[in-house]
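Here's the letter readout for the chains.
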Amino acid sequence: MTDSANSGSIHAHLTALPDKVSVDGLEDKWTEQWDNTGVYTFGGTRDRKAVYSIDTPPPTVSGSLHVGHVFSYTHTDTIARYKRMRGFDVFYPMGWDDNGLPTERRVQNYFGVRVDTSLPYDPDFKPPFEGTEGKKIQAKDQVPCSRQNFIELCERLTSQDEKQFEALWRALGLSVDWKQTYHTIGEHPRRVAQKAFLRNLARGEAYTKEAPGLWDVTFQTAVAQAELESREYAGFYHRIAFYFEDGTPIYIETTRPELLPACGALIAHPDDTRYQKYFGQYVTSPLFGVKVPVLAHTAAEMDKGAGIAMCCTFGDVTDVQWWRDLNLPTRSVIQRNGRIIQETPDWIESESGRAMFARIAGKTTFSARQEVVEALRESGDMDGEPKPTTRMTNFYEKGDKPLEIVTSRQWYLKNGGTDAQLNAELIARGKELEFHPDFMRVRYENWVGGLNGDWLISRQRFFGVPFPLWYPVLADGSADYEHPIVPSEDVLPIDPTSDTPAGYSEDQRDVPGGFTAEKDIMDTWATSSLTPQIVTRWEEPGEENQAIFHATFPMDLRPQGQDIIRTWLFSSVDRAHLENKCLPWAHTALSGWILDPDHKKMSKSKGNVVVPNEPLQKFGADAVRYWAASARLGLDATYDEGQMKIGRRLAIKLLNATKFALAIGREDEQHHVGDGASVVWNPQDVTEPLDRAAMAKMALVVREATEAFEAYEHSKALEAIESYFWQFCDDYIELVKNRAYGTADVLGHVPSEAATLSARTALGLGLDAFARLFAPFLPYATEEVWGWMHEGEGSVHRAAWPEASLYEQAAFHEAPELLTRAGVALTALRGIKSKAKVSMRTPINSVTLGASEEVRKSLQSALGDIAQAARVVGKIAFAGLEASAKAAHDAIDEAVAAHADGEAAGAADMQIEVAEAELGEPPAKKPKAAK
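Residues numbered from 1 in each chain as written. Predicted model: local features only at pLDDT ≥ 70, side-chain atom pairs only at ≥ 80, totals over all residues. Heavy atoms only, no water.

## A closer look at the overall build of the chain
Within the chain, the secondary structure is distributed over 27 helices and 31 strands. Overall size of the chain, expressed as C-alpha extent along the three principal axes, is 115 × 65 × 65 Å. The burial tally for the chain puts 56% of its 931 residues in the buried class. In the chain, the proportion of contacts linking residues at least 24 apart, taken out of those at least 6 apart, comes to 78%. A total accessible area of about 39,500 Å² is found for the chain, and carbon and sulfur atoms account for 49% of it. Of the charged side chains in the chain, 99 are positive and 133 negative; the average position of the first set lies 3 Å away from that of the second. (Helix = DSSP H or I, 4+ residues; strand = E, 2+ residues; numbered from the N terminus. Buried < 20%, exposed > 50% of the residue type's maximum accessible area, 1.4 Å probe, protein only. Contact = heavy atoms within 4.5 Å. Areas by Shrake-Rupley, 256 points an atom, 1.4 Å probe, with all protein chains shown as cover. Lys, Arg positive; Asp, Glu negative; His and termini not counted. Charge placed at Lys NZ, Arg CZ, Asp CG, Glu CD.)

## Some details on the confidence of the model for the chain
With 91% of its residues at a pLDDT of at least 70, the chain reaches an overall mean of 88. In the model, residues 669-673 has pLDDT below 50 throughout and makes ten contacts with residues more than four positions away in sequence or in other chains. Within the model, the stretch residues 883-909 combines pLDDT values under 50 with 45 contacts to residues more than four positions away or in other chains. (pLDDT = per-residue confidence, 0-100.)

## Thoughts on the pattern of salt bridges
Within the structure shown, the criterion is met by 45 salt bridges. In this structure, E374 and R377 form a salt bridge, with 3.3 Å as the shortest nitrogen-oxygen distance. With E374 and R377 both in helix α8 (residues 365-379), this residue pair falls three residues apart, about one helical turn. Judged by relative accessible area, E374 falls into the partly exposed class, the value being 36%. Where E445 meets K431, a salt bridge forms, and the shortest distance between an N and an O atom there is 3.1 Å. (Salt bridge = Lys/Arg side-chain N within 4 Å of Asp/Glu carboxyl O.)

## Things to note about the nonpolar core
Among the nonpolar cores identified, the biggest contains 140 residues, and F770 and I866 are the most heavily contacted of them. The residues touching F770, leaving out its near neighbours within four places in the chain, are L654, M698, I721, Y724, F725 and F728. By size, the runner-up hydrophobic cluster in this structure holds 70 residues, among which are C145, F467, A551 and F570. (Core = buried A, V, L, I, M, F, W, Y, C linked by side-chain atoms within 4.5 Å.)

## Observations regarding the sheet that holds strand β24 (residues 555-561)
Judged by pairing direction, the sheet is parallel, and its three strands sit side by side in the order β18-β25-β24 without closing on themselves. In this open sheet, the two edge strands, each paired with only one partner strand, are β18 (434-436) and β24. For this sheet the average axis-to-axis angle between neighbouring strands, irrespective of direction, equals 20 degrees. One ladder, built from six bridges, connects β24 with strand β25 (residues 585-591); its direction is parallel. Following the sheet pairing, M555 is matched in β25 by W585. (Pairing = 2+ DSSP bridges. Axes fitted to C-alpha atoms, helices over the stretch in contact; angles between N-to-C directions.)

## A look at the environment of N415
Looking at the element boundaries, N415 is found in the loop between β17 (404-413) and α9 (420-432). On the accessibility criterion, N415 (4% relative accessible area) is buried. The spacing of N415 and S571 is 156 residues in sequence and 7.9 Å in space, taken between C-alpha atoms. In contact with N415, other than residues within four places in its own chain, are L422, L426, L451, G453, D454, W455, F570 and D574.

## Quick word on the packing of helix α18 (residues 689-710) against helix α23 (residues 817-836)
Where α18 meets α23, the closest approach of the two axes is 7 Å, and the angle between their N-to-C directions is 115 degrees. For the element pair α18 / α23, the angle class is roughly perpendicular. Mapping the contact onto sequence places P689, L690, A693 and A694 in α18 and L818, L819 and A822 in α23. Residue classes in the contact of α18 with α23 are distributed as seven nonpolar, no polar and no charged. (Parallel < 35°, antiparallel > 145°, perpendicular 65-115°, else oblique. Nonpolar A, V, L, I, M, F, W, Y, C, P; charged D, E, K, R; others polar.)

## Brief notes about the sheet that holds strand β19 (residues 455-456)
Spatial ordering of the open sheet is given by β9-β8-β17-β19, a layout of four strands whose pairing is antiparallel. The sheet is open, and its two edges are formed by β9 (221-222) and β19, each paired on a single side.

## Quick word on the side chain of N580
Within the fold, N580 resides in helix α14 (residues 565-580). In contact with N580, other than residues within four places in its own chain, are Q533, W538, F553 and R575.

## Quick word on α23
Relative to the 28 Å expected for 20 residues at 1.5 Å per residue, α23 spans 29 Å between its end C-alpha atoms, a close match to the ideal helical length. Among the 20 residues in α23, 14 count as buried, and that is most of the element. (Expected span 1.5 Å × (residues − 1).)

## A word on the environment of I10
Relative to the elements of secondary structure, I10 occurs in strand β1 (residues 10-13). We classify I10 as buried; its relative accessible area is 0%. As for I10 and D865, which are separated by 855 residues in sequence, their C-alpha atoms are 25 Å apart.

## Here we look at the pairing of strand β14 (residues 291-296)
Pairing of strand β12 (residues 263-268) with β14, which is carried by three bridges, proceeds in the parallel orientation. The partner of A268 across the bridge, within β14, is A296. Of the pairings in the sheet, the one linking strand β13 (residues 282-284) to β14 comprises three bridges and is antiparallel in character. Residue pairing in the sheet places Y282 in a bridge with P293 of β14.

## Thoughts on unusual backbone geometry
In the segment running from T313 into F314, the intervening peptide bond is cis, with an omega of 0 degrees. If you trace the backbone, F314 turns up in the loop between β15 (308-312) and α6 (317-325). In this model, D510 sits at a positive phi of 60 degrees, which is unusual for a non-glycine residue. On the secondary structure map, D510 appears in the loop between β21 (470-472) and β22 (515-517). The exposure class assigned to D510 is partly exposed, which follows from its relative accessible area of 47%.

## Points about the side chain of Q560
Here Q560 shows up in strand β24. Looking at Q560, the relative accessible area reads 4%, which means it is buried. Separated by 3.0 Å, the side chains of Q560 and R558 make a polar contact. Other than its neighbours up to four places away in sequence, Q560 contacts P57, I565, W568, L569, T588, A589, L590 and S591. (Polar contact = N/O pair within 3.5 Å; in protein donor to acceptor, adjacent residues only side chain to side chain.)

## A short note on the environment of K716
Within the secondary structure layout, K716 lies in helix α19 (residues 714-741). Along the backbone, K716 and A631 are 85 residues apart, and their C-alpha atoms lie at a distance of 9.0 Å. The contacts of K716, once residues within four sequence positions are left out, are E704 and A708.

## Describing the packing of aromatic side chains
One pass over the full model with this rule turns up 35 aromatic pairs. Their ring planes at 75 degrees and their centres at 5.0 Å tell us that F42 and F91 sit as a pair that is edge-to-face. In this pair, F42 is assigned in the loop between α1 (26-37) and β2 (51-53) and F91 in strand β3 (residues 89-91), connecting sequence segments 49 residues apart. Per residue, the accessibility class of F42 equals that of F91, and both read buried. Measuring from ring centre to ring centre gives 5.7 Å for F71 and W627, while their planes differ by 45 degrees; the resulting arrangement is tilted. Taken together, the positions of F71 in helix α2 (residues 67-85) and W627 in helix α16 (residues 621-629) put the pair 556 residues apart, joining distant regions of the chain. Cluster of aromatic residues (ring-pair linked, three or more members): Y724, F725, W726, F728, Y732, F770 and F774. The ring of W34 carries the charged tip of R81 above its face, separated from the ring centre by 5.5 Å. (Phe/Tyr/Trp six-rings, centres within 6.5 Å; stacked < 30°, edge-to-face > 60°. Lys NZ or Arg CZ within 6 Å of the ring centre and 35° of its normal.)

## So, the pairing of β12
Buried residues dominate β12, accounting for six of its six residues. Summarising the sheet, β12 and β15 pair through five bridges and their orientation is antiparallel. The partner of A268 across the bridge, within β15, is I308.

If you want it as structure tokens, here you go:
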């Protein structure tokens, strides 16, 4: 690491400057050099205190990234770069989330295939398509293939996608160590996920049971609580009569009349006086003639519909609660495919009821609903016509149809939803974790506090990590799920559908006395929740792997989106708590969302996303990073090309300002500063008050930026750095450039060598500092200017972060306000010429400025630089503010108020007004050259 910035002086090794600066082409130039020199490679440090490790989000490999990814990953990269410059060995891996449903859906559509588990593997299988140009292939048109053929297609397509993703990340300038990459479906992650599951199983934290659960009929899989999305869904209320024994009707209102055959009870609130007299009595259901009790439960809503509802197994999650609390019978009639069961259930005993059920058997819920409603009309059991309504209904976050509740055998992992002690422990873990911003903590606590069940981790899909289990097959051919066959950890990872358990042979598969495989796979979050363990090589054999684990775990930072606190963040905390007895990381940084110009969240489903290649090509990586880094953590930001234009101008200005400052004195043999030569910028050589004031301000900015980064407030750091950079360029450089050149001023006075050296040193120290300070944000432009200043000294991204003490030494107790006041004075003097509409080269013969006593005293030490920059050939006189105000008919208050430095604008001790001024003759115009 280059640390001369903090050793008392800076040794610069200057190289040839380009004729013309440009940000174009910097990405290709420096990306290749960073790869060749391994600038971002993790050094393998064994001391945990010297390592900063990041649990980078593995983007879902589903075709393309959008600009929201660029936004959040830039936030992480600024932290990684800052920590590297602070001397940490940064462990910054990249993963690819190629596991689970999004990949399956993309492969189905891309290749036009679907899985048929009855088909054997075909080594010569060729899919019907290779990309479908955005067209969606309908299920009926997809060609069936074996599970293994499908998995091979998944791996093939994700490999292509990952190359595109990596190219984009490299173009953006992410300082990732590309040697530390992983896949959530690779051998190593599968081994970690299976090992962790087996340990959960051994400790009783993982368990299987038959239970009602949320089910997506489209994707044919169970859905966890964390994957729910509540959406408005249009429907109809149907007022339906049940009957007491004497024929008296009691009316319920329901949006799901097709569930009448699944009814187990009518439920009302215990305090509802309308129904209290009926509790304990029985009524008969219409059409199906089944007797059901009228019962009380506090979850019934008195003000909803008729205030009494039928409990069916199962219409919604409230039905599950009533069924469990009141010990009601299970009368499921909906299959996993979303259709009514074919066989008439035995609890429907009447001939008319069985005939009615035959009318709906095998139908979809929509068709069955129509059939039942028509039958209710015919029988007179429906009061009036259905009334339109809109209700909030649970959907799978990736699904298009409302979820059903289906009873099935699933795997669960304890997460505090059914265990009060574990819940309290996980709440406590949340309090240990440093949230950035802190207000996001409440989202974690609300989620954990509101859990009502354990984490459902099994999925009925094909592409994912298999549960590493088999089951004995009993004499009657059924599987003995109570006694799973568990492999030893040393044979992991395994696929139980193709691997054979110890002590068995393949010919014993699926036969009595033999074994059968667990066919479900783990939910993708069950693997992703272990990324801290995966990337740090938890429990991997070998001394090197063990050393890396101890040097990187628990990790330092988990950056992620705010919308997956309930899934990825919480599930990771749960897994580390159960397995490692600690938090998986100390900090979490939560980015907001990207909004489109209409302030709507960008998402692929809405079709309002921006492909990141477009702004990167149009504005350059530094410009796009500037836009992203300007946004605070936790807050949404609008996609703003105007901000990107500002970022591009900033990068160009850094190049131009640095070139200008370095070019000064290149031909001055007295100072021996030429191409390939060395120069020392020693803070002791800063002797002029204005130069010292610039260094004093730099010390303040370095402190502010450092404190902001330490608090994970990258945008605040950027704001402080950028604000001073523009003041440094617009005011300081303009004020001192003549003195830095060492040429005669407007009065013919030649500055002393010490005064010239002071300006050159301050310029060098300042531009060197800005290269370091901007490095986390503008990696390409800063690397370019760093090469001009420090040829052969390595990358700016391995240089030391600036220390305020160096610039305080150069300031020598000078106040930073002097620079601000001098800048305001220069603005005022130039405003005279602007109002007169004359050239800035026009001399000012005399001028009187109005200013406070404090300002007048302060400016005395900088009057020479001010006069030179404004071309004042006479004396600059001062008057009190009141006196100047009376004579300031042509004062330039607007110019002063518009001054860029916020701390100066409008402050009484900064106010400077023009009282009187006399302009000289404008310079003669140069004659036009003859054509």
